[in-house]
Amino acid sequence: MVAGVMLAANFSCGSDDGCEGNQSSLPLAGFYSSQVKTQIAIDSLTIYGIGMPGDTTIVDTATVSQTYLPLNIADNVSRFVFRYDQSALAAFRLSDTVTIKYKSLPYFHSEDCGAMLVYDIEDYATTHYLIDSVVIPVRHIDNADRENIQIYFRTSTTGEEDGTEE
């Protein structure tokens, strides 16, 4: 009985332990193959935001399967460029742009966690050079650590790029 009282007192203290996930509302984007519908890692990818303070670089020529896409708090639309820096594509400098339109709402989480903005995605669009499609399974963006955006890339099966598909 005493342990239960101590446990309850521990949860009511003024620590950040009561705050789940991030302190900010950031949509998490996962990358998938449009052919086999499984998560993939994209190599030599650079992602940056357009029209954000300093045109924020989010990923710089890395191999990634997920990344957070910080929304512009000063606007109701954010644009992200996905530039493919693979040597086979470098001559073409292929880039896709993902546009996300949203409504931002102030949200008071708790005394411990404070206030934050949450977002409701209203619309989205993409170009289609290597991105096949975008799916947004969770349109409400808060500080929960979950994948809100799924980006499906065109991928080839072994040998397809040289005409010897297996």
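See above for the structure.
Residues numbered from 1 in each chain as written. Predicted model: local features only at pLDDT ≥ 70, side-chain atom pairs only at ≥ 80, totals over all residues. Heavy atoms only, no water.

## Description of the packing of aromatic side chains
Inference 1: What the rule picks out here adds up to 6 aromatic pairs.
Inference 2: Residues Y84 and F153 carry aromatic rings whose centres are separated by 6.3 Å and whose planes lie at 90° to one another, so their mutual orientation is edge-to-face. Residue Y84 is found in strand β5 (residues 77–84), and its partner F153 is found in strand β10 (residues 147–153); the two are separated by 69 residues along the sequence. Across this residue pair, the class does not change: Y84 and F153 are buried.
Inference 3: Members of the aromatic cluster, each reached through a chain of ring pairs, are F31, F82, Y84 and F153. (Phe/Tyr/Trp six-rings, centres within 6.5 Å; stacked < 30°, edge-to-face > 60°. Helix = DSSP H or I, 4+ residues; strand = E, 2+ residues; numbered from the N terminus. Buried < 20%, exposed > 50% of the residue type's maximum accessible area, 1.4 Å probe, protein only.)

## Quick word on the pattern of salt bridges
Inference 1: Per the stated rule, a full pass over the model turns up 3 salt bridges.
Inference 2: In this structure, R83 engages D85 in a salt bridge whose closest nitrogen and oxygen atoms are separated by 2.9 Å.
Inference 3: Judged by relative accessible area, R83 falls into the partly exposed class, the value being 25%.
Inference 4: Here D85 falls in the buried class, since its relative accessible area comes to 17%.
Inference 5: Between R146 and D142 there is a salt bridge, with its nearest N and O atoms 3.2 Å apart.
Inference 6: Its relative accessible area of 31% is what places R146 among the partly exposed residues. (Salt bridge = Lys/Arg side-chain N within 4 Å of Asp/Glu carboxyl O.)

## Things to note about the sheet that holds strand β1 (residues 28–33)
Inference 1: Strand order in this open sheet of 4 strands is β4-β1-β10-β8, and the pairing throughout is mixed. The strands lining the two open edges of the sheet, one partner per strand, are β4 (66–68) and β8 (131–135). Within the sheet, the average angular offset between the axes of one strand and its neighbour, ignoring direction, is 25°.
Inference 2: Bridging between β8 and β10 involves 4 bridges; their strand directions are antiparallel. Looking at β10, one finds that V134 is bridged to I151. (Pairing = 2+ DSSP bridges. Axes fitted to C-alpha atoms, helices over the stretch in contact; angles between N-to-C directions.)

## What about the sheet that holds strand β2 (residues 42–50)?
Inference 1: What the 6 strands build is an open sheet, ordered β3-β2-β5-β6-β7-β9; its pairing is antiparallel. Unpaired on one side and paired on the other, β3 (57–64) and β9 (140–141) mark the two borders of the sheet.
Inference 2: When strand β6 (residues 95–110) meets strand β7 (residues 114–126), the two strands line up antiparallel, connected through 12 bridges. Note that in β7 the partner of V98 across the bridge is T126.

## Brief notes about the pairing of β10
Inference 1: With 7 of its 7 residues buried, β10 lies for the most part within the structure.
Inference 2: Direction of pairing for β1 relative to β10: parallel, over a ladder of 6 bridges. Each bridged residue has a counterpart across the sheet, and for G30 the counterpart in β10 is Q150.

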